[in-house]
Amino acid sequence: MNTLVVGLQYGDEGKGRVSAHFGKDHEWYVRFNGGPNAGHTVYHDGVKYALHHFPSGAVLGKKVALDAGMVIDVTKLFKEWAEIVKHMKGKQPKLYVSKDAHMIQYDHLVRDEEGSGIGSTKRGIAYAYGDKVLREGEKAGDEYAKEYSPLRAMGVKMYSGLPPCIYDGESALYEGAQGIMLDIDYGHYPYVTSSSVFPSVIHNITKRIGVMKAYTSRVGNGPPMYPEVEGLSEAGDEFGTTTGRRRRCTWLILKELEYAISLLQPDEIVLTKVDILDKLNTIGVWMAPDELVEFKTRQEFENFITTVFPQITWISDSPDGELRRVK
Ligand code: IMO
Ligand code: MG
(Lines give C-alpha, C1' and ligand atoms only; values in the text may rest on other atoms or scores of the structure.)
(Ligands and ions follow the chains in the order given, each with its own letter.)
Protein backbone atom coordinates (compact mmCIF):
# COMPACT_ATOMS: atom_id res chain seq x y z
CA MET A 1 0.00 0.00 0.00
CA ASN A 2 1.20 3.53 -0.78
CA THR A 3 -0.47 6.41 0.98
CA LEU A 4 -0.55 10.10 0.09
CA VAL A 5 -1.22 12.80 2.70
CA VAL A 6 -2.17 16.29 1.43
CA GLY A 7 -3.34 19.41 3.29
CA LEU A 8 -6.77 20.69 2.20
CA GLN A 9 -6.33 24.28 3.45
CA TYR A 10 -3.48 26.77 3.83
CA GLY A 11 -0.92 24.43 5.41
CA ASP A 12 -0.59 23.72 9.13
CA GLU A 13 -3.51 21.27 9.11
CA GLY A 14 -1.61 18.72 11.22
CA LYS A 15 -0.10 16.70 8.38
CA GLY A 16 2.91 15.71 10.52
CA ARG A 17 0.98 13.71 13.07
CA VAL A 18 -1.46 12.36 10.51
CA SER A 19 1.48 11.06 8.46
CA ALA A 20 3.07 9.57 11.58
CA HIS A 21 -0.21 7.70 12.21
CA PHE A 22 -0.85 6.39 8.70
CA GLY A 23 2.74 5.51 7.88
CA LYS A 24 3.16 3.01 10.71
CA ASP A 25 2.91 0.04 8.36
CA HIS A 26 4.99 1.61 5.61
CA GLU A 27 8.71 1.14 5.12
CA TRP A 28 9.39 4.55 3.60
CA TYR A 29 8.37 8.17 3.99
CA VAL A 30 8.79 10.47 0.99
CA ARG A 31 8.62 14.27 0.77
CA PHE A 32 8.02 15.47 -2.79
CA ASN A 33 7.36 19.22 -2.66
CA GLY A 34 8.53 22.42 -1.01
CA GLY A 35 11.46 22.59 1.35
CA PRO A 36 12.15 24.21 4.72
CA ASN A 37 9.06 26.42 4.37
CA ALA A 38 7.17 23.43 5.83
CA GLY A 39 6.85 22.94 9.57
CA HIS A 40 5.56 19.52 10.60
CA THR A 41 5.20 18.70 14.27
CA VAL A 42 5.56 15.10 15.38
CA TYR A 43 5.58 13.64 18.89
CA HIS A 44 7.54 10.47 19.40
CA ASP A 45 8.77 8.84 22.60
CA GLY A 46 7.89 11.97 24.57
CA VAL A 47 9.93 14.26 22.29
CA LYS A 48 8.38 17.03 20.19
CA TYR A 49 10.04 17.36 16.80
CA ALA A 50 9.52 20.38 14.52
CA LEU A 51 10.50 19.05 11.10
CA HIS A 52 11.10 21.20 8.03
CA HIS A 53 12.78 19.10 5.33
CA PHE A 54 12.32 15.68 6.84
CA PRO A 55 9.07 13.75 6.66
CA SER A 56 7.74 12.40 9.98
CA GLY A 57 9.14 8.94 9.34
CA ALA A 58 12.66 10.26 10.04
CA VAL A 59 12.00 10.10 13.77
CA LEU A 60 10.12 6.80 13.52
CA GLY A 61 13.18 4.94 12.20
CA LYS A 62 11.81 4.65 8.64
CA LYS A 63 13.73 5.14 5.42
CA VAL A 64 13.13 8.69 4.22
CA ALA A 65 13.47 10.20 0.75
CA LEU A 66 13.66 13.83 -0.30
CA ASP A 67 12.40 13.54 -3.84
CA ALA A 68 12.96 15.43 -7.07
CA GLY A 69 10.24 18.09 -6.59
CA MET A 70 11.86 19.50 -3.46
CA VAL A 71 14.16 22.45 -2.84
CA ILE A 72 16.78 21.85 -0.16
CA ASP A 73 18.79 24.22 2.02
CA VAL A 74 21.74 22.02 2.89
CA THR A 75 22.82 24.08 5.92
CA LYS A 76 19.34 23.90 7.44
CA LEU A 77 19.04 20.23 6.50
CA PHE A 78 22.25 19.49 8.39
CA LYS A 79 21.03 21.36 11.50
CA GLU A 80 17.74 19.48 11.39
CA TRP A 81 19.55 16.19 10.95
CA ALA A 82 21.84 16.93 13.93
CA GLU A 83 18.81 17.80 16.09
CA ILE A 84 17.12 14.50 15.18
CA VAL A 85 20.32 12.52 15.84
CA LYS A 86 20.66 14.22 19.24
CA HIS A 87 17.14 13.24 20.30
CA MET A 88 17.46 9.75 18.84
CA LYS A 89 20.52 9.20 21.02
CA GLY A 90 22.96 9.04 18.11
CA LYS A 91 20.79 6.93 15.80
CA GLN A 92 20.84 8.45 12.34
CA PRO A 93 17.90 8.92 9.98
CA LYS A 94 18.11 6.68 6.92
CA LEU A 95 18.21 9.53 4.42
CA TYR A 96 17.94 9.22 0.64
CA VAL A 97 18.04 12.31 -1.57
CA SER A 98 17.13 12.59 -5.26
CA LYS A 99 19.94 13.87 -7.47
CA ASP A 100 17.24 15.95 -9.15
CA ALA A 101 16.09 17.90 -6.08
CA HIS A 102 17.19 21.54 -6.32
CA MET A 103 19.38 23.45 -3.92
CA ILE A 104 18.47 26.69 -2.15
CA GLN A 105 21.44 29.05 -2.46
CA TYR A 106 22.51 31.92 -0.21
CA ASP A 107 21.49 34.31 -2.96
CA HIS A 108 17.93 32.91 -2.87
CA LEU A 109 17.72 33.68 0.85
CA VAL A 110 18.94 37.26 0.33
CA ARG A 111 16.42 37.85 -2.45
CA ASP A 112 13.55 36.34 -0.44
CA GLU A 113 14.51 38.52 2.54
CA GLU A 114 14.01 41.59 0.33
CA GLY A 115 10.64 40.06 -0.40
CA SER A 116 8.02 39.89 -3.10
CA GLY A 117 5.31 41.23 -0.77
CA ILE A 118 3.29 38.05 -0.41
CA GLY A 119 4.68 37.35 3.07
CA SER A 120 6.77 34.25 2.40
CA THR A 121 8.57 32.18 5.01
CA LYS A 122 11.81 33.79 3.75
CA ARG A 123 13.42 30.44 3.16
CA GLY A 124 14.35 31.27 -0.45
CA ILE A 125 11.70 28.93 -1.85
CA ALA A 126 10.37 31.07 -4.73
CA TYR A 127 13.88 32.01 -5.85
CA ALA A 128 15.16 28.43 -5.82
CA TYR A 129 12.16 27.24 -7.87
CA GLY A 130 12.55 30.34 -10.06
CA ASP A 131 16.14 29.42 -10.94
CA LYS A 132 15.07 25.82 -11.52
CA VAL A 133 12.48 26.91 -14.06
CA LEU A 134 14.96 29.34 -15.65
CA ARG A 135 17.28 26.32 -15.99
CA GLU A 136 19.90 28.10 -13.88
CA GLY A 137 19.51 26.09 -10.68
CA GLU A 138 21.87 23.71 -8.94
CA LYS A 139 20.75 20.16 -8.32
CA ALA A 140 21.41 18.03 -5.25
CA GLY A 141 23.58 15.79 -7.47
CA ASP A 142 25.88 18.80 -8.12
CA GLU A 143 25.98 19.59 -4.41
CA TYR A 144 26.90 15.99 -3.55
CA ALA A 145 29.76 16.08 -6.06
CA LYS A 146 31.47 18.87 -4.08
CA GLU A 147 34.40 17.78 -1.97
CA TYR A 148 33.01 19.01 1.35
CA SER A 149 29.27 18.63 0.91
CA PRO A 150 27.31 18.22 4.18
CA LEU A 151 25.28 15.60 2.30
CA ARG A 152 28.24 13.25 2.65
CA ALA A 153 28.68 14.08 6.32
CA MET A 154 25.08 12.96 6.87
CA GLY A 155 25.70 9.68 5.09
CA VAL A 156 23.02 10.49 2.52
CA LYS A 157 22.37 7.98 -0.23
CA MET A 158 21.74 9.73 -3.54
CA TYR A 159 19.40 8.27 -6.17
CA SER A 160 18.20 9.06 -9.63
CA GLY A 161 14.75 8.36 -11.03
CA LEU A 162 11.95 7.57 -8.62
CA PRO A 163 12.49 6.96 -4.87
CA PRO A 164 14.11 3.51 -4.34
CA CYS A 165 10.98 2.13 -2.62
CA ILE A 166 9.19 2.08 -5.96
CA TYR A 167 11.81 -0.08 -7.66
CA ASP A 168 12.25 -2.24 -4.54
CA GLY A 169 8.51 -2.81 -4.15
CA GLU A 170 8.46 -1.38 -0.63
CA SER A 171 5.55 0.67 0.65
CA ALA A 172 5.73 4.41 1.18
CA LEU A 173 3.82 7.24 2.74
CA TYR A 174 4.06 10.38 0.64
CA GLU A 175 3.94 13.32 3.05
CA GLY A 176 2.74 16.52 1.37
CA ALA A 177 3.78 19.95 2.54
CA GLN A 178 1.69 23.15 2.48
CA GLY A 179 -1.95 22.83 1.40
CA ILE A 180 -4.12 22.97 -1.69
CA MET A 181 -5.04 26.64 -1.20
CA LEU A 182 -1.29 27.41 -1.37
CA ASP A 183 -0.73 25.38 -4.54
CA ILE A 184 1.08 27.27 -7.32
CA ASP A 185 -1.53 26.24 -9.90
CA TYR A 186 -4.76 25.83 -7.94
CA GLY A 187 -4.27 28.10 -4.89
CA HIS A 188 -5.03 31.79 -4.36
CA TYR A 189 -2.38 33.00 -6.79
CA PRO A 190 -0.22 35.03 -6.24
CA TYR A 191 -0.55 34.38 -2.48
CA VAL A 192 0.73 30.85 -2.86
CA THR A 193 3.90 28.86 -2.49
CA SER A 194 6.04 28.14 -5.55
CA SER A 195 5.38 24.44 -6.01
CA SER A 196 2.56 22.04 -6.62
CA VAL A 197 1.30 20.35 -3.49
CA PHE A 198 0.59 17.17 -5.48
CA PRO A 199 3.26 14.63 -6.45
CA SER A 200 4.33 14.98 -10.08
CA VAL A 201 4.55 11.23 -10.60
CA ILE A 202 1.75 9.04 -9.34
CA HIS A 203 3.88 6.48 -7.52
CA ASN A 204 1.32 3.67 -7.32
CA ILE A 205 -0.62 5.59 -4.71
CA THR A 206 -3.41 3.41 -3.39
CA LYS A 207 -4.90 5.72 -0.77
CA ARG A 208 -5.28 9.50 -0.72
CA ILE A 209 -5.77 11.16 2.64
CA GLY A 210 -6.81 14.80 2.99
CA VAL A 211 -6.13 16.68 6.21
CA MET A 212 -8.32 19.53 7.38
CA LYS A 213 -8.24 21.47 10.61
CA ALA A 214 -11.52 22.27 12.39
CA TYR A 215 -11.07 25.95 11.47
CA THR A 216 -9.01 27.94 8.95
CA SER A 217 -5.59 29.45 9.58
CA ARG A 218 -3.38 31.46 7.30
CA VAL A 219 0.13 32.88 7.56
CA GLY A 220 1.53 35.38 5.14
CA ASN A 221 -0.51 37.85 3.14
CA GLY A 222 -3.58 37.41 0.97
CA PRO A 223 -6.93 35.58 1.32
CA PRO A 224 -9.00 34.40 3.13
CA MET A 225 -10.90 37.64 3.19
CA TYR A 226 -13.16 36.35 5.96
CA PRO A 227 -13.16 38.21 9.28
CA GLU A 228 -10.71 36.87 11.84
CA VAL A 229 -12.31 35.19 14.85
CA GLU A 230 -11.09 36.84 17.99
CA GLY A 231 -9.17 34.55 20.32
CA LEU A 232 -8.98 31.63 17.86
CA SER A 233 -5.24 31.99 17.08
CA GLU A 234 -4.48 31.99 20.81
CA ALA A 235 -6.89 29.13 21.60
CA GLY A 236 -5.33 27.00 18.87
CA ASP A 237 -1.75 28.09 19.62
CA GLU A 238 -1.52 29.13 15.98
CA PHE A 239 2.00 30.47 15.78
CA GLY A 240 4.23 29.35 12.90
CA THR A 241 6.49 26.34 13.44
CA THR A 242 8.87 27.74 10.83
CA THR A 243 8.72 31.50 11.36
CA GLY A 244 6.93 32.03 14.70
CA ARG A 245 4.40 34.35 13.00
CA ARG A 246 0.85 34.50 14.36
CA ARG A 247 -1.53 32.74 12.00
CA ARG A 248 -4.73 34.61 11.17
CA CYS A 249 -7.69 32.41 12.00
CA THR A 250 -11.32 32.18 10.98
CA TRP A 251 -14.00 29.48 10.84
CA LEU A 252 -14.04 26.72 8.25
CA ILE A 253 -14.70 27.98 4.73
CA LEU A 254 -17.01 25.44 3.14
CA LYS A 255 -16.62 26.55 -0.48
CA GLU A 256 -12.81 26.33 -0.31
CA LEU A 257 -12.97 22.86 1.21
CA GLU A 258 -15.37 21.67 -1.47
CA TYR A 259 -12.92 23.00 -4.04
CA ALA A 260 -9.86 21.37 -2.39
CA ILE A 261 -11.72 18.06 -2.06
CA SER A 262 -12.73 18.20 -5.72
CA LEU A 263 -9.02 18.39 -6.59
CA LEU A 264 -7.60 15.72 -4.29
CA GLN A 265 -10.66 13.43 -4.28
CA PRO A 266 -9.50 11.87 -1.02
CA ASP A 267 -10.48 8.36 0.07
CA GLU A 268 -10.45 9.54 3.67
CA ILE A 269 -10.25 12.88 5.48
CA VAL A 270 -8.81 13.54 8.92
CA LEU A 271 -10.36 16.43 10.84
CA THR A 272 -7.78 17.79 13.31
CA LYS A 273 -7.72 20.04 16.39
CA VAL A 274 -11.43 19.75 17.15
CA ASP A 275 -10.77 20.13 20.89
CA ILE A 276 -9.76 23.76 20.27
CA LEU A 277 -13.42 24.53 19.48
CA ASP A 278 -14.34 23.73 23.11
CA LYS A 279 -12.44 26.84 24.16
CA LEU A 280 -14.80 29.18 22.28
CA ASN A 281 -18.33 30.29 23.10
CA THR A 282 -19.74 29.54 19.68
CA ILE A 283 -18.45 27.55 16.70
CA GLY A 284 -18.99 28.71 13.15
CA VAL A 285 -18.77 27.53 9.55
CA TRP A 286 -18.77 29.91 6.60
CA MET A 287 -21.34 28.60 4.10
CA ALA A 288 -20.67 31.64 1.90
CA PRO A 289 -18.76 34.93 2.45
CA ASP A 290 -21.80 36.52 4.12
CA GLU A 291 -23.46 33.39 5.50
CA LEU A 292 -22.30 31.97 8.80
CA VAL A 293 -23.92 29.01 10.54
CA GLU A 294 -23.24 28.68 14.24
CA PHE A 295 -23.18 25.74 16.62
CA LYS A 296 -23.32 25.71 20.42
CA THR A 297 -21.34 22.54 20.98
CA ARG A 298 -18.51 20.71 19.36
CA GLN A 299 -20.74 17.66 18.96
CA GLU A 300 -23.25 19.66 16.88
CA PHE A 301 -20.35 20.89 14.74
CA GLU A 302 -18.95 17.37 14.30
CA ASN A 303 -22.39 16.02 13.31
CA PHE A 304 -22.79 18.79 10.74
CA ILE A 305 -19.34 18.62 9.19
CA THR A 306 -19.19 14.84 8.94
CA THR A 307 -22.55 14.95 7.15
CA VAL A 308 -21.39 17.62 4.69
CA PHE A 309 -18.10 15.79 4.11
CA PRO A 310 -18.78 12.07 4.46
CA GLN A 311 -15.13 11.37 3.60
CA ILE A 312 -14.23 12.48 7.17
CA THR A 313 -13.47 9.18 8.82
CA TRP A 314 -10.97 10.28 11.44
CA ILE A 315 -10.95 13.03 14.07
CA SER A 316 -8.09 14.12 16.28
CA ASP A 317 -7.43 16.54 19.10
CA SER A 318 -4.32 18.63 19.60
CA PRO A 319 -1.42 18.60 20.03
CA ASP A 320 -0.59 14.90 19.87
CA GLY A 321 -3.99 13.28 20.33
CA GLU A 322 -4.48 9.86 18.78
CA LEU A 323 -6.73 9.71 15.75
CA ARG A 324 -10.18 8.27 16.43
CA ARG A 325 -12.23 6.59 13.78
CA VAL A 326 -15.68 8.08 13.42
CA LYS A 327 -17.02 5.84 10.66
P1 IMO B 1 3.32 23.24 6.13
O2 IMO B 1 3.93 22.12 5.36
C3 IMO B 1 1.63 27.25 6.20
C4 IMO B 1 2.96 30.05 3.05
C5 IMO B 1 3.76 31.26 3.52
C6 IMO B 1 3.36 32.29 2.47
C7 IMO B 1 3.29 31.44 1.19
C8 IMO B 1 4.55 31.48 0.35
O9 IMO B 1 3.87 23.39 7.50
O10 IMO B 1 1.83 23.17 6.12
P11 IMO B 1 6.98 30.43 0.64
O12 IMO B 1 7.99 30.61 1.75
O13 IMO B 1 6.55 29.03 0.46
O14 IMO B 1 7.41 31.10 -0.62
O15 IMO B 1 5.69 31.26 1.17
O16 IMO B 1 3.05 30.10 1.62
N17 IMO B 1 3.50 28.74 3.48
C18 IMO B 1 2.96 27.99 4.47
N19 IMO B 1 1.93 28.24 5.32
N20 IMO B 1 2.25 26.07 6.26
C21 IMO B 1 3.25 25.79 5.40
O22 IMO B 1 3.82 24.56 5.33
C23 IMO B 1 3.68 26.78 4.47
N24 IMO B 1 4.64 26.85 3.51
C25 IMO B 1 4.50 28.04 2.90
O26 IMO B 1 3.38 31.65 4.81
O27 IMO B 1 2.06 32.77 2.74
MG1 MG C 1 3.33 24.10 9.26
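Preceding this paragraph is the structure being described.
These notes cover the structure that comes with them. (Residues numbered from 1 in each chain as written. Chains lettered and ligands numbered in written order. Predicted model: local features only at pLDDT ≥ 70, side-chain atom pairs only at ≥ 80, totals over all residues. Heavy atoms only, no water.)

Quick word on the overall build of the chain
- What the chain contains, in helices and strands, is ten helices and 19 strands.
- In terms of C-alpha radius of gyration, the chain reaches 19 Å, essentially the compact-globule figure of 20 Å for 327 residues.
- The principal-axis extents of the C-alpha atoms in the chain amount to approximately 60 × 45 × 35 Å.
- Counting over 327 residues, the chain shows a buried share of 57%.
- For the chain, the share of sequence-separated contacts (at least 6 apart) that also reach a separation of at least 24 residues comes to 71%.
- Accessible surface computed for the chain: about 14000 Å², of which carbon and sulfur atoms make up 51%.
- A distance of 3 Å separates the average location of the 39 positive side-chain charges in the chain from that of its 44 negative side-chain charges. (Helix = DSSP H or I, 4+ residues; strand = E, 2+ residues; numbered from the N terminus. Rg over C-alpha atoms; globule rule 2.2 N^0.38 Å. Buried < 20%, exposed > 50% of the residue type's maximum accessible area, 1.4 Å probe, protein only. Contact = heavy atoms within 4.5 Å. Areas by Shrake-Rupley, 256 points an atom, 1.4 Å probe, with all protein chains shown as cover. Lys, Arg positive; Asp, Glu negative; His and termini not counted. Charge placed at Lys NZ, Arg CZ, Asp CG, Glu CD.)

A closer look at the pattern of salt bridges
- Throughout the structure, instances matching the rule amount to 21 salt bridges.
- Glu170 is the salt-bridge partner of Lys63, the closest N and O atoms lying 3.0 Å from each other. A residue pair is termed long-range when its members are at least 10 positions apart, and Lys63 in strand 5 (residues 63-66) and Glu170 in the loop between helix 7 (164-168) and strand 10 (172-179) qualify at 107 residues.
- A salt bridge links Asp131 to Arg111, with the shortest nitrogen-to-oxygen separation between them at 4.0 Å. With Asp131 in helix 4 (residues 125-133) and Arg111 in helix 3 (residues 106-114), this residue pair connects regions lying 20 residues apart in the sequence.
- Under the relative-accessibility criterion, Asp131 is labelled buried at 10%.
- Given the relative accessible area of 30%, Arg111 is considered partly exposed.
- One network of salt bridges, with partners in common, ties together Asp12, Lys213, Glu238, Arg247 and Lys273. (Salt bridge = Lys/Arg side-chain N within 4 Å of Asp/Glu carboxyl O.)

Focus: the side chain of Thr216
- Tracing the backbone shows Thr216 in strand 12 (residues 216-218).
- In this structure the side chain of Thr216 is engaged in a polar contact, spanning 2.9 Å, whose partner is the backbone oxygen of Trp251. (Polar contact = N/O pair within 3.5 Å; in protein donor to acceptor, adjacent residues only side chain to side chain.)

Considering the packing of aromatic side chains
- Tallied over the entire structure, the rule returns seven aromatic pairs.
- Here Phe295 and Phe304 contribute two aromatic rings whose centre-to-centre distance is 5.0 Å and whose plane-to-plane angle is 45°, an arrangement assigned as tilted.
- Through pairs of rings, three or more aromatic residues link up here, namely Phe295, Phe301 and Phe304.
- One Lys or Arg, Arg152, reaches over the ring of Tyr144 and ends 4.6 Å from the middle of that ring. (Phe/Tyr/Trp six-rings, centres within 6.5 Å; stacked < 30°, edge-to-face > 60°. Lys NZ or Arg CZ within 6 Å of the ring centre and 35° of its normal.)

Examining the coordination of the magnesium ion (ligand 2)
- Here the magnesium ion (ligand 2) is held by Asp12 (OD) and Gly39 (O), and the distances to it run 1.9 to 2.6 Å. Residue Asp12 is located in the loop between strand 1 (3-7) and helix 1 (15-22), and its partner Gly39 is located in the loop between strand 2 (28-31) and strand 3 (40-44); the two are separated by 27 residues in the primary sequence.
- Residue classification places Gly39 among the buried residues on the basis of a relative accessible area of 14%. (Donors = N, O, S within 2.8 Å, 3.2 Å for Na, K, Ca; no water.)

Details of the sheet that holds strand 2
- The mixed open sheet is built from ten strands, whose spatial order is 9-7-5-2-10-1-11-15-18-19. The two strands at the open ends of the sheet, each matched to only one other strand, are strand 9 (157-159) and strand 19 (324-325).
- In the packing of helix 10 (residues 298-308) onto the sheet, the strands contacted are strand 11 (207-213), strand 15 (268-272), strand 18 (312-315) and strand 19, and the crossing angle to strand 18 comes to about 150°. (Pairing = 2+ DSSP bridges. Axes fitted to C-alpha atoms, helices over the stretch in contact; angles between N-to-C directions.)

Quick word on the pairing of strand 16 (residues 283-288)
- Within strand 16, five of the six residues are buried, which leaves it mostly tucked inside the rest of the structure.
- Where strand 16 and strand 17 (residues 291-295) come together, five bridges link them in antiparallel fashion. Following the sheet pairing, Gly284 is matched in strand 17 by Glu294.
- Here strand 16 hands over to strand 17 after two residues, the two strands then running antiparallel side by side.

Notes on the site of ligand 1
- For ligand 1, the set of nearby residues contains 22 residues, the closest of which are Asp12, Lys15, His40, Thr121 and Thr193.
- One of the side-chain nitrogen or oxygen atoms of Arg218 is found 3.5 Å away from an oxygen atom of ligand 1.
- For the shell around ligand 1, a count of residues per class yields eight nonpolar, ten polar and four charged. (Near = heavy atom within 4 Å. Nonpolar A, V, L, I, M, F, W, Y, C, P; charged D, E, K, R; others polar.)

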